[in-house]
Amino acid sequence: MLYHKTRNILYVQQQLGHRCIENTMIYTQLITFESDEYNTALAKTLDEEEKLIKAGFEFVRFSDKEEIAIYRKRK
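Predicted model, so just to flag it, every value in this text is computed and none were measured.

1. Re the environment of Tyr71
Then comes step 1: Within the secondary structure layout, Tyr71 lies in strand β3 (residues 68–74).
Then comes step 2: Between the alpha carbons of Tyr71 and Phe57 there is a distance of 5.8 Å; along the sequence they are 14 residues apart.
Then comes step 3: Residues in contact with Tyr71, not counting those within four places in the same chain, are Asn39, Thr40, Ala41, Ala43, Glu49, Leu52, Ile53, Phe57, Glu58, Phe59 and Val60.
Then comes step 4: In this structure the side chain of Tyr71 is engaged in a polar contact, spanning 2.4 Å, whose partner is the side chain of Glu49.

Below you can see the structure in the form of structure tokens.
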């Protein structure tokens, strides 16, 4: 699940304590996920961001141009 979230196989290898990347590859292929679809939301204020975080959304990026924080949550 960590690999699906981060898409960083080397990080997952380190977190699991595997010496060989092949072992990590085995575990990352055991779980199949339905889709990579997300609900997205925008926040302009800290209060809005706090509500999104409490609702399980994760931060994606901040747009300096529009001064909007972008969040996502897996469907």
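Right, picking up where we left off after that structure.
2. Points about unusual backbone geometry
Then comes step 1: Within the chain, Arg7 stands out as a residue other than glycine whose phi angle is a positive 60°.
Then comes step 2: As for its placement among the helices and strands, Arg7 is situated in the loop between α1 (2–6) and α2 (9–16).
Then comes step 3: Despite not being glycine, Glu67 has its phi angle at roughly 55°, a positive value.

3. Observations concerning the pairing of β3
Then comes step 1: Sheet analysis places strand β1 (residues 38–43) next to β3, joined by six bridges and oriented antiparallel. Looking at the pairing, Tyr38 lines up with Arg74 of β3.
Then comes step 2: Pairing between strand β2 (residues 58–63) and β3: five bridges, direction antiparallel. Of the residues in β3, the one forming a bridge with Phe59 is Tyr71.
Then comes step 3: As consecutive antiparallel partners, β2 and β3 are separated by four residues, and within that stretch Glu67 has a phi angle of approximately 55°, a positive value.

Calculation rules
- Residues numbered from 1 in each chain as written.
- Predicted model: local features only at pLDDT ≥ 70, side-chain atom pairs only at ≥ 80, totals over all residues.
- Heavy atoms only, no water.
- Helix = DSSP H or I, 4+ residues; strand = E, 2+ residues; numbered from the N terminus.
- Contact = heavy atoms within 4.5 Å.
- Polar contact = N/O pair within 3.5 Å; in protein donor to acceptor, adjacent residues only side chain to side chain.
- Pairing = 2+ DSSP bridges.

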